[in-house]
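Summary of structural features
Chain by chain, the residues:
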Amino acid sequence: MKKLLLVVVPFLLLLVGCSSAPEEETSMEIVEVEMELPENMTEQEEVAVKTLVTQGEEKVEDAKEVQFEIWNVEKGKENSVLLDAEHVGDGVYEVKHSFEDKGVYRVQSHVTARDMHVMPTKQLVVGNLSQEEIDAILESEVEEEEHEDHGHHH
C-alpha cells in the first residue's frame, strides 16, 4: 500500500504544477467573449445561443462558468432565465433555448474564466417584428429605466 502512495503523490504534484503555470503567464490578457445569436428566428423555435471565449490568441477551454441570462425586454430583467452553457469545444460554449413569445430579448452571457468575469449583452429579435415595433419596445424600456432612477434620488 505504501508503495502505491509514493507513485500517486508525485504524479498529483506534477499535475498541479503544470496546470497553474500557464495561467500566470497569460493573465494579463483580457478574456473576450463574442456571442453568436441566431437571426430571423421565430417564437417556439429551439435555437443554439453560442459564445466564443478567447484570451489573446488562445481559445479558452477551461472557463469556470458560462451562463446565459435571457429576458424579454417588455417583461423586464427580473423575469429572466439563467441557463448553464455547455462547452462544445474550440472555446465555444452553447445553450439551446426556445423563446416563447415574439418580441425583443436581451441575451447576457456571464463568463467566469481565468479570474475574470465578463458580461456582454446582445439584443435578439424573435418573431416577425417591424422596425417600428422594435423601436416602440425599446423606447418603452428606456422610459421605465428613467422612471426607476427618479425613485432613487428621493
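Everything below is about the structure shown above.
This report concerns the structure included in the present document. This one's a predicted model, so the numbers in the text were calculated from it and none came from an experiment.

**Observations regarding the overall build of the protein chain**
When helices and strands are counted, the protein chain shows two helices and ten strands. In sequence order, the secondary structure elements of the protein chain are arranged as α-β-β-β-β-β-β-β-β-β-β-α. The buried share among the 154 residues of the protein chain stands at 33%. Total accessible area on the protein chain is roughly 10,500 Å²; 53% of this is exposed by carbon and sulfur atoms.

**Quick word on the packing of aromatic side chains**
Aromatic ring pairs are described here by two measures, namely the spacing of the ring centres and the angle between the planes. Under the defined criterion, the tally for this structure stands at one aromatic pair. A centroid spacing of 4.7 Å and a plane angle of 70 degrees characterise the contact between F99 and Y105, whose relative ring orientation is edge-to-face. Using a relative accessible area of 7% as the deciding quantity, one classes Y105 as buried.

**Things to note about the layout of surface pockets**
Taken as a whole, the largest pocket spans an internal volume of roughly 190 Å³. In terms of lining, the largest pocket is formed by I70, W71, N72, K75, N79, V81, H97, S98, F99, E100, D101 and Y105. Elements represented by at least two residues in the lining of the largest pocket include exactly strand 4 (65-72) and strand 7 (92-98).

**Considerations on the pairing of strand 8 (residues 103-113)**
Where burial is concerned, most of strand 8 is hidden: ten out of the eleven residues are buried. Taken together, the eight bridges between strand 4 and strand 8 define a ladder with antiparallel strand orientation. Bridge pairing links F68 to S109 in strand 8. Bridge count between strand 8 and strand 10 (residues 121-126): six bridges; the pairing is antiparallel. Counterpart to G103 in the pairing with strand 10 is V126. Pairing of strand 8 with strand 9 (residues 116-118), which is carried by three bridges, proceeds in the antiparallel orientation.

**Quick word on the pattern of salt bridges**
Two side chains carrying opposite charge are able to pair once their charged atoms lie near each other. For the structure shown, the criterion picks out seven salt bridges. The salt bridge partner of D62 is R114, with a shortest N-O separation of 3.0 Å. Of this pair, D62 sits in the loop between strand 3 (58-59) and strand 4 while R114 sits in the loop between strand 8 and strand 9, placing them 52 residues apart in sequence. In this structure D62 comes out as partly exposed when scored by relative accessible area, which is 39%.

Reading the values: rules and limits
Along every chain, residues carry numbers that run from 1 in the direction the sequence is written. Owing to the predicted nature of the model, reporting of local features is limited to residues with pLDDT of at least 70; listing and counting of side-chain atom pairs is limited to 80 or more, with chain, interface and lining totals taken over all residues. Values shown for side chains rest on all heavy atoms present in the structure; no hydrogens or waters enter the calculation. Helix and strand definitions here come from DSSP, where helices need a minimum of 4 consecutive H or I residues and strands a minimum of 2 consecutive E residues; each element is numbered from the N-terminal end. To sort residues, take the accessible area from a 1.4 Å probe on protein chains only and compare it with the maximum for the residue type: under 20% means buried, over 50% means exposed, and anything in between is partly exposed. Here the Shrake-Rupley method, with its probe set to 1.4 Å, supplies the accessible areas, and only the displayed protein chains count as covering residues. For Phe, Tyr and Trp, rings pair up if their centres lie within 6.5 Å, where Trp contributes its six-membered ring, and each pair is then called stacked (planes under 30 degrees apart), edge-to-face (over 60) or tilted (otherwise). Here a cavity denotes grid points, spaced 1 Å and computed from the protein atoms alone, that fit a 1.4 Å probe unable to get out, and a pocket denotes an open set having protein on both sides within 12 Å along at least 5 of 7 lines; residues with an atom within 4 Å of a point are the lining. Grid points are joined across faces, edges and corners, and a volume is the space filled by probe spheres set on the points. Only strands joined by at least two bridges in the DSSP assignment are considered to pair. Salt bridge, as applied in this entry: a Lys or Arg side-chain nitrogen positioned within 4 Å of an Asp or Glu carboxyl oxygen.

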